[in-house]
Amino acid sequence: MAGADADDALLVLTAMLLTPARFPSVLGDDYVAACAALALEPYEEGYGLVLGQDGEGARWTVVVDDVSLVAVAIAAWDCGMAHDLSPDERSVVCALPGWPLALTVAAPGVPAPHDPETDGLGPAPLAPPDPESWGPAQRRLGADEIAERWALWREQIDDAVFVRPDGERRGEAAEGTGSDGAGSENSGGPGSGSGDEPGSGSTVGGGGAEPGAPAAGHHPGVRRALSEAVAYTRTPPPPGRIRSVFASADTRTLRVDGPGWSMVARTDDIALILLDEEPGGVLPVGRGPALPGLLEALDALAPHPV
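In short, a report on the structure. All of these numbers come straight from a predicted model, not from anything done at the bench.

1. Quick look at the side chain of Gln138
Move 1: For Gln138, the position within the fold is in helix H3 (residues 136–148).
Move 2: A polar contact is formed between the side chain of Gln138 and the backbone nitrogen of Gly135, at a distance of 3.1 Å.

2. Regarding the packing of aromatic side chains
Each aromatic ring pair is summarised here by two numbers: the centre-to-centre distance and the angle between the ring planes.
Move 1: Summed over the entire model, instances satisfying the criterion amount to two aromatic pairs.
Move 2: Consider the rings of Tyr43 and Tyr47, whose centres lie 6.3 Å apart with planes at 45 degrees: the pair is tilted.
Move 3: The exposure class assigned to Tyr43 is partly exposed, which follows from its relative accessible area of 48%.
Move 4: You can call Tyr47 buried: its relative accessible area is 4%.

3. What to know about the pairing of strand S2 (residues 47–53)
Move 1: The buried fraction of S2 is high, at seven of seven residues.
Move 2: Burial of S2 is two-sided: the residues Tyr47, Leu49, Leu51 and Gln53 facing one way and the residues Gly48, Val50 and Gly52 facing the other way are all buried.
Move 3: Relative to S2, strand S1 (residues 11–18) runs antiparallel, the two being bridged by seven bridges. Directly across from Leu17, in S2, lies its bridge partner Gly48.

4. Observations regarding H3
Move 1: Taking 1.5 Å of rise per residue, 13 residues should cover 18 Å, and H3 covers 19 Å from first to last C-alpha, within 8% of that figure.
Move 2: Counting buried positions over the 13 residues of H3 gives ten, a clear majority of the element.
Move 3: Residues Ala137, Gln138, Arg139, Arg140, Gly142, Ala143, Asp144, Glu145, Ile146 and Ala147 constitute the buried set of H3.
Move 4: Of the surrounding secondary structure, the elements contacted by the buried residues of H3 are helix H4 (150–154), strand S7 (242–248), strand S8 (251–258), strand S9 (261–266) and strand S10 (271–275).

5. A look at the pattern of salt bridges
Move 1: Inspection of every chain in the model, using the stated rule, returns 13 salt bridges.
Move 2: We note a salt bridge from Asp115 to Arg59, for which the minimum N-O separation is 3.0 Å. Placement of Asp115 in the loop between strand S4 (92–97) and H3 and of Arg59 in strand S3 (residues 59–64) is noted, with a sequence separation of 56 residues between them.
Move 3: Each of Asp29, Arg139, Arg140, Asp144, Arg243, Arg255, Asp257 and Asp276 takes part in one network of salt bridges that share partners.

6. Digging into the sheet that holds S8
Move 1: In spatial order, the strands read S7-S8-S9-S10-S11; together these five strands make up an open sheet with antiparallel pairing. Looking at the sheet topology across the chains shown, the edges are occupied by S7 and strand S11 (283–285). Sheet twist, expressed as the average angle between the axes of neighbouring strands with direction ignored, equals 20 degrees.
Move 2: Strand direction decides the pairing type here: S9 and S10, joined by five bridges, are antiparallel. Residue pairing in the sheet places Ser262 in a bridge with Leu274 of S10.
Move 3: Lying over the sheet, H3 contacts S7, S8, S9 and S10, oriented at roughly 175 degrees with respect to S8.

7. What to know about the nonpolar core
Move 1: Counting residues in each nonpolar core, the largest one holds 21 residues, and the members touching the most others are Leu226, Val256, Trp261, Met263, Ile273 and Leu298.
Move 2: Counting residues per element, the ones that place at least two in this core are helix H5 (220–234), S8, S9, S10, S11 and helix H6 (291–301).
Move 3: If sequence neighbours within four positions are ignored, Leu298 has contacts with Ala229, Tyr232, Thr233, Ile242, Leu254, Val256 and Met263.
Move 4: The next biggest cluster of nonpolar side chains, apart from the first, holds 18 residues, and it includes Leu49, Leu51, Leu96 and Leu126.

Cut-offs used in this document
- Residues numbered from 1 in each chain as written.
- Predicted model: local features only at pLDDT ≥ 70, side-chain atom pairs only at ≥ 80, totals over all residues.
- Heavy atoms only, no water.
- Helix = DSSP H or I, 4+ residues; strand = E, 2+ residues; numbered from the N terminus.
- Polar contact = N/O pair within 3.5 Å; in protein donor to acceptor, adjacent residues only side chain to side chain.
- Phe/Tyr/Trp six-rings, centres within 6.5 Å; stacked < 30°, edge-to-face > 60°.
- Buried < 20%, exposed > 50% of the residue type's maximum accessible area, 1.4 Å probe, protein only.
- Pairing = 2+ DSSP bridges.
- Expected span 1.5 Å × (residues − 1).
- Contact = heavy atoms within 4.5 Å.
- Salt bridge = Lys/Arg side-chain N within 4 Å of Asp/Glu carboxyl O.
- Axes fitted to C-alpha atoms, helices over the stretch in contact; angles between N-to-C directions.
- Core = buried A, V, L, I, M, F, W, Y, C linked by side-chain atoms within 4.5 Å.

Remember, this is a structural readout, not a statement about activity or role.
Structural data, given as structure tokens:
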């Protein structure tokens, strides 16, 4: 590792994939941007990111080109199985100081996690985004959290009133009730580490929204996001802007990103949109006549990893 003794083994804590189909959203809106954040070439095969500590406790993110090795380890860990991840030195692309995400675990028998001393040489240490602020990284992390906890978020949303993708509004709702399909702000806990359920009073990414905060019925940011999503179906965006993962036998969960916005959707249900200009806000969009076709078209553009 650059900045560390060559024989200083990495104590592996976790790992992530960096591929067009799956990458840490904290790094960018798409795969190309995520690679650029780490000064990597966006090769189609992708990379594996191995996060750990050296013998002095310093944080390191080791980039490897053996994607399969990392994918097998992640799959085993997800199943609760022990698996030793020890990348061969020949697969190491580079070692970057720091971690792009905050970890709640630490290696035993070494000092507490800290950034390595690099004497000002090389790149600045990677660091997670500030959970007390709101911006593109927090917005994307919030969308990821919603995708992972879809059922908990979905049950907080009243289907009685939505803004449809074509702009038509169905039903009426009193301002501030939280049932307005374009402007209700349901809050949960992405990035807060609180473990609260959606609607419990915590905020998405620390942005400051509260359940039922009043907002405009036809939010221009929602219209912009939907318009840009439709444009993706005509001119495919950079790899990774649209990601699709298995939800059930006939359903996919979509994660779509664009400049200033993120979308989470189930192909058989509604869409939820997060905006840079709405800190902590989660803006639902009902199915209506247009959304099912849009989600189907977006899903067709996304890689479907096995």
